[in-house]
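What follows is the residue order along each chain.
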Amino acid sequence: MLARPENTVTSIAKLLGVSRNTLYDYVPELKGGRLALAESTNTAGLPRPSGAED
């Protein structure tokens, strides 16, 4: 949910029934902003499927 720009930390916290501070405590990537969050969820480190060409 956090990776989508239309979702705010506030709206997600309300949906989950927790405070914004709780989200910041449990998702440390949020402290660096959305760019840090996007970089932490990058899938570049995942293994490539077998037979994939470079």
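Scroll up to find the structure this text is about.
A short tour of the structure in this document, coming up.

### A look at the overall build of the protein
- Counting its secondary structure elements, the protein contains 3 helices and 0 strands.
- In the protein, the order of α-helices and β-strands from amino to carboxyl end is α-α-α.
- Partitioning the intrachain contacts of the protein with sequence separation of at least 6 by distance along the chain shows that 29% fall at a separation of at least 24.
- Of the roughly 4,500 Å² of accessible surface on the protein, 54% is carried by carbon and sulfur atoms.

### Overview of helix α1 (residues 9-16)
- Of all the positions in α1, only V9, I12 and A13 are classed as buried. Axial view of α1: buried residues confined to an arc of 100 degrees, hence all on one face. Residues of α1 that are exposed and point over 90 degrees away from its buried face: K14 and L15.
- Backbone geometry just after α1 places G17 at a positive phi near 75 degrees.

### Here's the deal with the nonpolar core
- L2, V9, I12, A13, L23, V27 and L30 form the largest nonpolar core, which has 7 residues in total.
- Per-element tally for this core: the top contributor is α1, with 3 residues.

### Some points on the environment of S19
- Examined against the element boundaries, S19 turns out to sit in the loop between α1 and α2 (20-26).
- For the pair S19 and V9, spaced 10 residues apart in sequence, the C-alpha to C-alpha distance is 9.3 Å.
- Within the structure, S19 has its side chain in polar contact with the side chain of T22 (distance 3.0 Å).

### So, a nonpolar patch on the surface
- On the surface, M1, L15, L16 and V18 cluster together into a nonpolar patch covering about 390 Å² of accessible area.
- Within the element layout of this structure, L15 appears in helix α1.
- Since its relative accessible area comes to 61%, L15 is described here as exposed.

Parameters at a glance
- Residues numbered from 1 in each chain as written.
- Predicted model: local features only at pLDDT ≥ 70, side-chain atom pairs only at ≥ 80, totals over all residues.
- Heavy atoms only, no water.
- Helix = DSSP H or I, 4+ residues; strand = E, 2+ residues; numbered from the N terminus.
- Contact = heavy atoms within 4.5 Å.
- Areas by Shrake-Rupley, 256 points an atom, 1.4 Å probe, with all protein chains shown as cover.
- Buried < 20%, exposed > 50% of the residue type's maximum accessible area, 1.4 Å probe, protein only.
- Arc of directions from axis to C-beta.
- Core = buried A, V, L, I, M, F, W, Y, C linked by side-chain atoms within 4.5 Å.
- Polar contact = N/O pair within 3.5 Å; in protein donor to acceptor, adjacent residues only side chain to side chain.
- Patch = residues over 30% accessible without salt bridge, like charges linked within 9 Å, V, L, I, M, F, W, Y side chains within 5 Å.
- Salt bridge = Lys/Arg side-chain N within 4 Å of Asp/Glu carboxyl O.

Just geometry here; none of it tells us what the structure is for.
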